[in-house]
Amino acid sequence: MKKNIVITISENHLDKLRSVSEMLRHEGLEINQVFEFGVITGSIDESDMGRLKAHEEVLAVVEDKEVDIGPPDAEIQ
Amino acid sequence: MKKPILGKQTFLTENTEPLTSFQRFEKEIYQERADEKPRYTGRFLVILKDVLSFQMANDIFRSNLGLRVAHSKDFQFIPPNEDQLEDADVLIYDDLGVALVSGEEDQIRKLASNTEGLIVTPERIVYVPNDIPAKIEIPSTWGLEVTGVLDSSYTGKGIKVAVLDTGFDFNHPDFSGRSITCNSFVPNEAVQDLHGHGTHCIGTACGNTDLNMLRYGVAKDSLIYAGKVLNNQGSGAQSWILSGMTWAANNGCKVISMSLGSRVAPDQEFDPAYERAAQYAITKGCVVVAAAGNESRRSGNEFNPVGSPANCPSVMAVAALDSDLEVADFSNRSINADGKVDIAAPGVLIYSSWPAPMRYRTISGTSMAAPHVAGILALLWEKYPESSPEEIWQELENLARTLPLESVDIGAGLSIAP
């Protein structure tokens with residue numbers, strides 16, 4: 001199953017963002033967006049997520065969390 | 001007639017003192033689960049199956065149980081009112097074939113077990129539905145008073161303030177003539193706010209006065225950047241929020257206000273992607289503010305850590321205070337190593353703009369506290385346009401008023417306008 005993920009690239013590889021994202025694409029990552037501050041969002045098969053983490057250029061791989069506020073009729077938001 | 005024992009679901013009856021009643025409401029009601037509310041009044045309804053049982057029941061009430069009986073048909077001109085029933089234990093609704101009985105429990109048991117043709121049920125308490133809370137709409141902008149905004153000569157003039165939320169109601173009359181730049185990062189949804197939360201937060205950070213000239217907004221001359229990163233159901237993906245932060249930073253916004261978040265577990269670390277985005281915004285000359293989160297229930301001794309992204313070191317986490325300058329019951333606390341509360345601001349019973357047809361609404365949350373700080377930051381940027389984001393952050397903390405509360409709850413204290 002494909003998962004939406006957020007990848008943070010480690011600080012000392014920020015200058016190679018383009019080649020890092022190319023490498024991740026080869027690992028099966030469907031890139032959604034590359035942020036110049038070293039964050040890449042995209043989707044990948046759940047089974048392939050582990051392979052991304054193995055690269056030293058990758059600092060963190062997390063699933064795209066849903067962010068919430070209360071429903072409109074809630075008194076506390 | 002025994003008086004019914006009733007639960008509470010509304011503070012409408014105490015509407016004359018909204019704040020007191022709201023606090024009582026908070027303590028007594030909102031932390032209580034619905035199934036903990038009393039369900040029965042302690043009285044019983046006896047349903048009479050037919051005319052025969054009707055007469056029989058009447059006899060049983062009077063002779064066997066020694067109860068005093070009143071009939072609804074005795075009240076010919078006015079509907080029966082319980083105040084006039086002090087001398088009766090039973091009220092028979094003749095037209096309905098129903099009797100309200102307030103006898104002792106053993107009498108009721110005897111009635112239920114020995115009598116055919118009767119159905120005995122406990123009288124239920126009827127509640128206002130949970131999802132339509134009673135509202136008090138007495139406008140008060142106490143938040144602008146205690147933060148010194150009303151006395152400040154700064155208005156955030158020319159400062160770009162981004163509010164990343166559910167969008168904005170472009171038809172709101174209070175914002176006609178204002179400079180508003182917007183973008184939606186939510187797929188298939190326009191920026192127009194069909195939730196309300198975004199319009200409320202923008203109102204506090206950047207609004208001015210309502211139709212009666214009551215001021216509710218802090219940076220009333222700021223340039224508004226409305227980024228829609230939460231959909232009309234009030235939820236969003238992290239990637240939308242990262243996009244919104246990048247958009248605001250690249251457009252020269254000096255403040256990003258985020259009244260949003262995900263719950264964080266004790267010992268959970270901050271999210272490096274959010275931290276990176278916040279650092280990027282700082283390099284572009286912007287201060288990032290986020291709500292500390294509403295997961296705590298202090299009155300029930302439940303304290304939860306500052307949520308994400310407010311728990312990032314480069315994001316200013318804002319806690320909520322009430323008008324007595326006490327920590328709001330729901331406001332989160334510094335528990336995890338990095339997730340510190342940095343500052344506190346008004347966040348209980350905050351009056352601000354809301355989409356039509358309501359136009360205004362008074363609600364509570366750390367979501368309401370964060371835009372107060374965002375607005376005050378805009379005033380600081382107006383005063384010190386050449387400063388760095390770090391200097392502005394520091395100045396905000398210097399100006400904060402210390403309170404006799406713990407810094408894990410309020411950080412540097414109550415945010416004060418320059």
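How each quantity is defined
- Residues numbered from 1 in each chain as written.
- Chains lettered and ligands numbered in written order.
- Predicted model: local features only at pLDDT ≥ 70, side-chain atom pairs only at ≥ 80, totals over all residues.
- Helix = DSSP H or I, 4+ residues; strand = E, 2+ residues; numbered from the N terminus.
- Buried ≥ 20, exposed ≤ 12 C-beta atoms within 10 Å, placed from the backbone.
- Contact = placed C-beta atoms within 7 Å.
- Nonpolar A, V, L, I, M, F, W, Y, C, P; charged D, E, K, R; others polar.
- Pairing = 2+ DSSP bridges.
- Core = buried A, V, L, I, M, F, W, Y, C linked by C-beta atoms within 7 Å.
- Axes fitted to C-alpha atoms, helices over the stretch in contact; angles between N-to-C directions.
- Arc of directions from axis to C-beta.

1. A closer look at the overall build of chain B
Piece 1. Within chain B one finds 10 helices and 15 strands.
Piece 2. Counting only residues that meet the buried cut, chain B has 48% of its 418 residues in that class.
Piece 3. Within chain B, counting contacts between residues at least 6 apart in sequence, those at least 24 apart form 75% of the total.

2. Concerning the interface of chain B and chain A
Note on interface size: it is often stated as the accessible area lost on association of the parts.
Piece 1. Listed per partner, the contact involves 33 residues of chain B and 26 residues of chain A.
Piece 2. Counting residues per element, the ones that place at least two in the side of chain B that touches chain A are β9 (235-237), α6 (238-250) and α7 (272-283) of chain B.
Piece 3. The residue makeup of the side of chain B that touches chain A, split by class, is 12 nonpolar, 18 polar and three charged.
Piece 4. Pairing analysis gives three bridges linking strand β5 (residues 66-68) of chain A to β9 of chain B, with the strands arranged antiparallel. Within the sheet, the bridge partner assigned to E66 of chain A lies in β9 of chain B and is A237 of chain B.

3. Examining the nonpolar core
Residues and elements named next belong to chain B.
Piece 1. Judged by nonpolar contacts, the single largest core of 111 residues is most densely connected at V161, I256, V289, V318 and L377.
Piece 2. With 11 residues, the top contributor of residues to this core is helix α8 (residues 366-383).
Piece 3. The contact partners of L377, leaving out residues within four places of it in the chain, are V255, V287, V289, I392 and L396.
Piece 4. Residues L91, I92, L100 and V101 belong to the second largest nonpolar core, which totals 10 residues.

4. Description of the sheet that holds strand β3 (residues 39-45) of chain A
Piece 1. If you walk across this open sheet you meet the four strands as β2-β3-β1-β4 (chain A), and the pairing is antiparallel. Of all the strands in the sheet, the pair left with one neighbour each is β2 (30-35) and β4 (58-63) of chain A. Each neighbouring strand pair of the sheet contributes to a mean axis angle of 25°, computed without reference to strand direction.
Piece 2. Of the pairings in the sheet, the one linking strand β1 (residues 2-9) of chain A to β3 of chain A comprises seven bridges and is antiparallel in character. Along β3 of chain A, the bridge assignment pairs V6 of chain A with T41 of chain A.
Piece 3. Lying over the sheet, α7 of chain B contacts β1, β2, β3 and β4 of chain A, oriented at roughly 50° with respect to β1 of chain A.

5. Focus: the environment of A310 of chain B
Residues and elements named next belong to chain B.
Piece 1. Checked against the element boundaries, A310 lands in the loop between β11 (287-291) and β12 (316-321).
Piece 2. In sequence terms A310 and H195 are 115 residues apart; their C-alpha atoms lie 22 Å from each other.
Piece 3. Not counting chain neighbours up to four residues away, the residues in contact with A310 comprise G261, A290, A291, A292, G293, V315 and A317.

6. A word on helix α9 (residues 389-399) of chain B
Residue and element names in this part refer to chain B.
Piece 1. Of all the positions in α9, only P389, I392, W393 and L396 are classed as buried. Relative to the axis of α9, the buried residues are bounded by an arc of 100° and lie together on one face. Opposite the buried face of α9, by more than 90 degrees, sit the exposed residues E390, E391 and N398.
Piece 2. Buried residues in α9 make contact with α7, β11, β12, β13 (343-346) and α8.

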